[in-house]
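Descriptive structure summary
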Amino acid sequence: MTDLAAALRDLDEDRVHELVDEKLASGVSPIDIIQECHAGIIAVGELYASGQYYLTELMFSGDIMQGVMAKLDPLIAGMAAEGKIIGTVVIGTVRGDIHDIGKNIVVNLLRSNRFKVVDLGVDVHAESFVDMVRKTGAKVLGLSALLNTTYPEMKNVIDALKEAGLRDQVKVIVGGAIMSEAVREFTGADAYATDALQGIDFCKKVYGDPGN
Ligand code: B12
């Protein structure tokens, strides 16, 4: 585990910011910094699951990560390639789930990769996803979820798209640390991602971006 990941795991906020600043100053890319933080936050989740950390620590790790993202977001936005918008992506965290740090990273990376993104936020109902897909004609819908309990809800969104007659015009990608081929199959999604970059690649493929 890197020094940055360990500082995040140990909830040492000052040290986390110090290391992020040092890495930025020495030219490490924001994406690599996010990957390092990811390893730290996964360790926080493990400590929580094993009873060594409580909800307060879980919340604090989220605050630290959001502080890091406040620093990295403008840099990611600055990486935006010039040129035509590739296409539209609708995204949100499904009903019952309020985790949004990872989703927000995906949103920012998509924007910096020339996608127009409609971000519906957290705890989003199936009907809201369906309405927005209909309204925007988006060819990709991204569903974010970090809780096992949301598997049926993701399936529910996809079933609602079918009922609305929209399933054929939109590809659905489910994303989050809990995703796997089994979850993709259960929910009926077209793809899954445990990492933001896999999601960006998928969106580029769907829209046939020649740069991909
Ligand atoms: C911070 C945190 C919180 C914060 C969230 C703050 C926020 N604004 O998001 C708070 C404190 C609010 C919270 C609450 C809860 N949490 Co919580 N939380 C976490 C923690 C530690 C980190 C999550 C995080 O931000 N990761 C960092 C980001 C960068 O990673 P990420 O979200 O995985 O996103 C990346 C990829 O997954 C992917 N991705 C994500 N979304 C999408 C979408 C698309 C379309 C694509 C392509 C890709 C993609 O790209 C991202 C970047 O690479 C995790 C631990 C873990 N292992 O994930 C637990 C964890 C997710 N939480 C957990 C639990 C149990 C809860 C609570 C139920 C606790 C409680 N008793 O109240 C509540 C649930 C509240 C609710 N209804 O949603 C469990 C879930 C267990 C499970 N699998 O079901 C975990 C795994 C901890 C654990 N090991 O027990 N939590």
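Conventions adopted
Residues numbered from 1 in each chain as written. Predicted model: local features only at pLDDT ≥ 70, side-chain atom pairs only at ≥ 80, totals over all residues. Heavy atoms only, no water. Helix = DSSP H or I, 4+ residues; strand = E, 2+ residues; numbered from the N terminus. Rg over C-alpha atoms; globule rule 2.2 N^0.38 Å. Contact = heavy atoms within 4.5 Å. Areas by Shrake-Rupley, 256 points an atom, 1.4 Å probe, with all protein chains shown as cover. Lys, Arg positive; Asp, Glu negative; His and termini not counted. Charge placed at Lys NZ, Arg CZ, Asp CG, Glu CD. Near = heavy atom within 4 Å. Polar contact = N/O pair within 3.5 Å; in protein donor to acceptor, adjacent residues only side chain to side chain. Nonpolar A, V, L, I, M, F, W, Y, C, P; charged D, E, K, R; others polar. Domains from an automatic or database assignment. Buried area = accessible area lost by both parts, 1.4 Å probe. Axes fitted to C-alpha atoms, helices over the stretch in contact; angles between N-to-C directions. Parallel < 35°, antiparallel > 145°, perpendicular 65-115°, else oblique. Donors = N, O, S within 2.8 Å, 3.2 Å for Na, K, Ca; no water. Buried < 20%, exposed > 50% of the residue type's maximum accessible area, 1.4 Å probe, protein only. Salt bridge = Lys/Arg side-chain N within 4 Å of Asp/Glu carboxyl O. Pairing = 2+ DSSP bridges. Right-handed = clockwise from strand over helix to strand, strands pointing away.

Before going further, it helps to examine the overall build of the protein. Scanning the protein from N- to C-terminus turns up 9 helices and 5 strands. Starting at the N terminus, the α and β elements of the protein follow one another as α-α-α-α-β-α-β-α-β-α-β-α-β-α. For the protein, whose C-alpha radius of gyration is 17 Å, the value lies close to the compact-globule estimate of 17 Å for 212 residues. A sequence separation of at least 24 residues applies to 71% of the contacts in the protein between residues at least 6 apart. Put simply, the protein shows about 10400 Å² of open surface, and 53% of that area lies on carbon and sulfur atoms. Across the protein, the 20 positively charged side chains and the 31 negatively charged ones have centroids separated by 10 Å.

Moving on, we get to the site of the ligand. As a structural note, the neighbourhood of the ligand is formed by 39 residues, with Gly45, Ile98, His99, Asp100 and Ser144 the closest of them. A distance of 2.8 Å separates an oxygen atom of the ligand from a polar atom in the backbone of Asn148. Separating an oxygen atom of the ligand from a backbone N or O atom of Ala196 is a distance of 3.1 Å. When residues of the shell around the ligand are traced back to their parent elements, those giving at least two are α3 (30-49), α4 (55-78), α5 (101-112), β3 (140-144), β4 (171-175) and α9 (196-206). Taken together, the residues that form the shell around the ligand break down as 20 nonpolar, 15 polar and 4 charged.

Segmentation of the protein into domains returns domain 1 (3-78) and domain 2 (87-206). Relative placement of domain 1 and domain 2: their C-alpha centres are 24 Å apart. At the interface, 10 residues of domain 1 touch 9 residues of domain 2. In total, domain 1 and domain 2 occlude about 790 Å² of area from one another, counting both sides; carbon and sulfur atoms represent 71% of this. Among the secondary structure elements, those contributing two or more residues to the side of domain 1 that touches domain 2 are α3 and α4.

α5 packs onto α4 with a crossing angle of 5 degrees between their chain directions and a minimal axis gap of 11 Å. The angle between α4 and α5 falls in the class roughly parallel. Taking contact as the criterion, the partners of Gly62, Met65, Gln66, Met69, Asp73 and Ile76 in α4 are, on α5, Ile101, Ile105, Asn108, Leu109 and Ser112.

The protein supplies the cobalt atom of the ligand with one donor atom, His99 (NE2), which lies at 2.3 Å. Considering the arrangement of structural elements, one finds His99 in the loop between β1 (87-93) and α5.

Along the chain, Asp97 turns up in the loop between β1 and α5. For the buried Asp97, which has no salt bridge, the nearest side chain bearing the opposite charge is Lys103, at an N-O separation of 10 Å. Filtering out sequence-adjacent residues up to four positions away, Asp97 remains in contact with Val122, Asp123, Ala145, Leu146, Leu147 and Thr150.

On to the pairing of β1. Counting buried positions along β1 yields 7 of 7 residues, so the element is predominantly enclosed. What you see with β1 is no split at all: Gly87, Val89, Ile91 and Thr93 on one side and Thr88, Val90 and Gly92 on the other are buried throughout. Bridge count for β1 against strand β2 (residues 115-119) is 5 bridges, and the pairing is parallel. Residue pairing for β2: Ile91 is matched across the bridge by Asp119. Considered for its hand, the β-α-β crossover made up of β1, α5 and β2 is right-handed.

Within the secondary structure layout, Arg114 lies in the loop between α5 and β2. For the pair Arg114 and Lys84, spaced 30 residues apart in the sequence, the C-alpha separation amounts to 7.0 Å.

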